[in-house]
Amino acid sequence: MKETGSHLVMELSGLTRALSWADMAMVVLAESYLNANRDQKKHPKPVTLFEMWEKRDTNADVTPERRAELEAQLERRSAFR
């Protein structure tokens, strides 16, 4: 599948930030460089730049009351009741 836009790909993948192919390559290269040149005695664990790849929490901003309201709206509009 070809990338049609970084924001579209971000939304479809559920990522928190929009990344282009160049951004992704930069993160991978930076991770590789940091891990190849780190002092393994001081930093035994490999460096990961995971914040770029965090998945969005779909329940983060929804209160129980709002969730019930949204489910009621979905129930009213859904073709499959």
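Conventions used here
Residues numbered from 1 in each chain as written. Predicted model: local features only at pLDDT ≥ 70, side-chain atom pairs only at ≥ 80, totals over all residues. Heavy atoms only, no water. Helix = DSSP H or I, 4+ residues; strand = E, 2+ residues; numbered from the N terminus. Areas by Shrake-Rupley, 256 points an atom, 1.4 Å probe, with all protein chains shown as cover. Expected span 1.5 Å × (residues − 1). Buried < 20%, exposed > 50% of the residue type's maximum accessible area, 1.4 Å probe, protein only. Arc of directions from axis to C-beta. Salt bridge = Lys/Arg side-chain N within 4 Å of Asp/Glu carboxyl O. Polar contact = N/O pair within 3.5 Å; in protein donor to acceptor, adjacent residues only side chain to side chain. Contact = heavy atoms within 4.5 Å.

Student: Would you mind going over the overall build of the chain in detail, with residue names and values included?
Tutor: Along the chain, the regular secondary structure elements total three helices and zero strands. Element order for the chain, N to C, with α for helix and β for strand: α-α-α. Total accessible area computed for the chain in this model is approximately 7,100 Å², and 59% of it derives from carbon and sulfur atoms.

Student: So, helix 2 (residues 21–36): which residues are in play, and what are the values?
Tutor: An α-helix turns once per 3.6 residues; consequently, residues spaced three or four apart project the same way. Relative to the 22 Å expected for 16 residues at 1.5 Å per residue, helix 2 spans 22 Å between its end C-alpha atoms, a close match to the ideal helical length. Where helix 2 is concerned, the buried positions are M24, V27 and N35. One face of helix 2 carries all of its buried residues, which in axial projection span an arc of 60°. The exposed set on the far side of helix 2, more than 90 degrees from its buried face, consists of W21, A22, M26, L29, Y33 and A36.

Student: Would you mind going over the pattern of salt bridges in detail, with residue names and values included?
Tutor: One pass over the full model with this rule turns up one salt bridge. Of the charged contacts in the structure, one is a salt bridge between R66 and E69, with a shortest N-O distance of 2.6 Å. One end of the pair, R66, and the other, E69, are both in helix 3 (residues 64–77), three residues apart, so they sit about a helical turn from each other. Judged by its relative accessible area of 37%, R66 falls in the partly exposed class. Looking at E69, the relative accessible area reads 41%, which means it is partly exposed.

Student: Could you give an account of the side chain of R38, naming the residues involved and the relevant values?
Tutor: Looking at the element boundaries, R38 is found in the loop between helix 2 and helix 3. Within the local environment of R38, its side chain forms a polar contact with the backbone oxygen of P44, the two atoms lying 3.3 Å apart.

Student: Before we move on, could you go through the side chain of N35 and cite the residues and values that matter?
Tutor: Of note, N35 is situated in helix 2. Once residues within four sequence positions are removed from consideration, N35 is found in contact with P46 and V47.

Student: Before we move on, can you summarise the environment of A30 with the specific residues and values?
Tutor: Structurally, A30 can be placed in helix 2. Sequence separation between A30 and V47 is 17 residues; the distance between their C-alpha atoms is 9.6 Å.

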